[in-house]
Amino acid sequence: WFGLENLSAIPGNVGAAPIQNIGAYGVELSAVLGGVHGIAIESGEVRYLSAEDCCLSYRDSIFKQALKDRFVITGVDLVLSKTPKVNVSYPALAAELASDQDKPDPLAVSEAVRRVRARKLPLPDQMPNAGSFFKNPIVSLDTFHQLEKEHPSIPSWPMDEGVKLAAGWLLEQAGWRGFTGSESLAGVGTWPEQALVVINPGRCSGQRVLALARAIAESVENRFGVELEIEPRVYGAGHHGSLL
């Protein structure tokens, strides 16, 4: 059964996948989601939500909006294919497979994704981390044209609602790649191979991780005028849903 190759090796549980509409290397869960089974917390009612009902968008869903903390996912239906159809549109994945003489099959794509992830991202059981911490921001066309004049090499992807920018590139240009924390940020930092990944080698508190995230977001906004939004859901005292 094919369709999930590009999502290989993403750490986490199946039930969390539609909440975040997880995606990697050119594919999102929305491409294969049939529906979600679950329980409404307040009433105890067993419900089924179709893929359309889930309101999936970029790293977002009804489970992070209207049903946030109100629904427990107990099952996920996937619509997969028995016909191999590979997606190698993502540049890093295409480069990884460029040396293959034959057209890549789904297994080759899955293995290539795993190799790229292993090189670029830390393993959670070896280096405490919160994964890719920031969403790729989506800006208006006017804002993008202004940024492109000042930064001609800025990576971008056209979207229905504007232009999506590479958050990792913004962080790297702002000097955050491989950041090693000190003083008030001691024990936290960013991964040397991918600035977007916030690491916590000192096993520090969530407050310190968020302090680093605030410092990163402020510097990116000061330099590029672009607001960053974090991907993880944050729980705990003192957090009001915004970094800035």
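The preceding data block contains the structure.
Residue indices begin from 1 for each chain and proceed along its sequence in written order. Residues qualify for local features only when their pLDDT is at least 70, as the model is predicted, and side-chain atom pairs are given and counted only at 80 or more; totals for whole chains, interfaces and linings, by contrast, use all residues. Side-chain figures throughout are based on the complete set of non-hydrogen atoms in the structure, without hydrogens or water.

S.K.: Would you explain the overall build of the protein chain in this entry?
M.R.: Helices and strands together make up the secondary structure of the protein chain, namely six helices and eleven strands. The globule rule puts the C-alpha radius of gyration for 244 residues at 18 Å, and the 19 Å found for the protein chain is close to it. Taking the principal axes of its C-alpha atoms as reference, the protein chain extends roughly 55 × 50 × 40 Å. Looking at the 244 residues of the protein chain, the share that counts as buried comes to 39%. At a minimum sequence separation of 6, the contacts of the protein chain that also span at least 24 residues come to 60%. Taking the 22 positively charged and 28 negatively charged side chains of the protein chain as two groups, their mean positions are separated by 4 Å. In DSSP terms, a helix is any run of H or I states spanning at least four residues, a strand is any run of E spanning at least two, and both are numbered starting from the N terminus. We take the radius of gyration over the C-alpha atoms and set the globule estimate at 2.2 Å times the residue count to the 0.38 power. Burial classes: relative accessible area under 20% of the type maximum marks a residue as buried, over 50% as exposed, and values in between as partly exposed (1.4 Å probe, protein chains only). When checking whether two residues touch, look at their non-hydrogen atoms; a contact exists if any pair is within 4.5 Å. The sign given to each residue is positive for Lys and Arg and negative for Asp and Glu; His and the chain ends receive no count. Where a charge sits is defined by one atom per residue type, namely NZ (Lys), CZ (Arg), CG (Asp) or CD (Glu).

S.K.: Any chance you could explain the sheet that holds strand E8 (residues 156-159) here in plain terms?
M.R.: Two pairing modes exist for strands in a sheet, parallel and antiparallel, and in both the strands are linked by backbone hydrogen bonds. If DSSP finds at least two bridges between two strands, the strands pair. The strand order E7-E9-E8 describes an open sheet built from three strands, whose pairing is antiparallel. What marks the edges here is a single partner per strand, and that holds for strand E7 (138-139) and E8. Taken strand by strand, helix H4 (residues 141-150) contacts E7, E8 and strand E9 (162-165), and its axis lies near 50° from that of E9. Axis definition: a line fit to C-alpha positions, over the contact stretch in the case of helices; interaxial angles, taken between N-to-C directions, run 0 to 180 degrees.

S.K.: Even after reading the chapter, I still don't get the pairing of E8, so can you show me in this structure?
M.R.: Each regular strand displays side chains that alternate between the two surfaces of the sheet. With four bridges joining them, E8 and E9 adopt antiparallel strand pairing. Residue Met 159 lies in a different strand from E9, and its bridge partner there is Gly 162.

S.K.: What am I meant to see in the environment of Tyr 58 here?
M.R.: Mapped onto the secondary structure, Tyr 58 falls in the loop between strand E4 (46-50) and strand E5 (71-78). Owing to a relative accessible area of 14%, Tyr 58 belongs among the buried residues under this scheme. Considering only alpha carbons, one finds Tyr 58 and Arg 70, twelve residues apart in sequence, at a separation of 21 Å. Those residues in contact with Tyr 58 that lie beyond four places of it in its chain are Asn 21, Glu 28, Lys 135, Asn 136, Lys 164 and Glu 231.

S.K.: Mind showing me how you'd approach the packing of aromatic side chains here?
M.R.: Aromatic contacts are taken between Phe, Tyr and Trp rings whose centres are within 6.5 Å, Trp giving its six-membered ring; a plane angle under 30 degrees counts as stacked, one over 60 as edge-to-face, and the others as tilted. Scanning the model with the defined rule gives five aromatic pairs in all. A ring pair is formed by Phe 133 and Phe 134, whose centres lie 5.5 Å apart and whose planes are at 70°; its orientation type is edge-to-face. Among the residues examined, Phe 133 registers a relative accessible area of 3% and is labelled buried. Owing to a relative accessible area of 1%, Phe 134 belongs among the buried residues under this scheme. Aromatic pair Trp 169 and Phe 224: ring centres 5.9 Å apart, planes at 50°, arrangement tilted. Of this pair, Trp 169 sits in helix H5 (residues 167-173) while Phe 224 sits in helix H6 (residues 206-224), and the two are 55 residues apart along the sequence. The two residues Trp 169 and Phe 224 agree in class, both being buried. Geometrically, a charge over a ring is one whose NZ (Lys) or CZ (Arg) sits within 6 Å of the ring centre while staying within 35 degrees of the ring normal. The ring of Tyr 58 carries the charged tip of Lys 164 above its face, separated from the ring centre by 4.4 Å.

S.K.: Just to check I follow, could you spell out the nonpolar core for this structure?
M.R.: Note on soluble globular proteins: their nonpolar side chains tend to be buried together. The nonpolar core is taken to be a set of buried Ala, Val, Leu, Ile, Met, Phe, Trp, Tyr and Cys residues, with the residues joined through side-chain atoms within 4.5 Å. Counting residues in each nonpolar core, the largest one holds 30 residues, and the members touching the most others are Phe 133, Phe 134, Leu 165, Leu 170, Leu 171, Ile 216 and Leu 228. Secondary structure elements with two or more residues in this core: H4, E9, H5, strand E11 (194-199) and H6. Top element by residues in this core is H6. It accounts for eight residues. Non-local contacts of Leu 170, meaning those with residues more than four positions away in its chain, are made with Pro 137, Ile 154, Val 220, Phe 224, Val 226 and Leu 228. Counting residues in hydrophobic clusters, the runner-up holds twelve residues, among them Val 36, Leu 49, Ile 62 and Phe 63.

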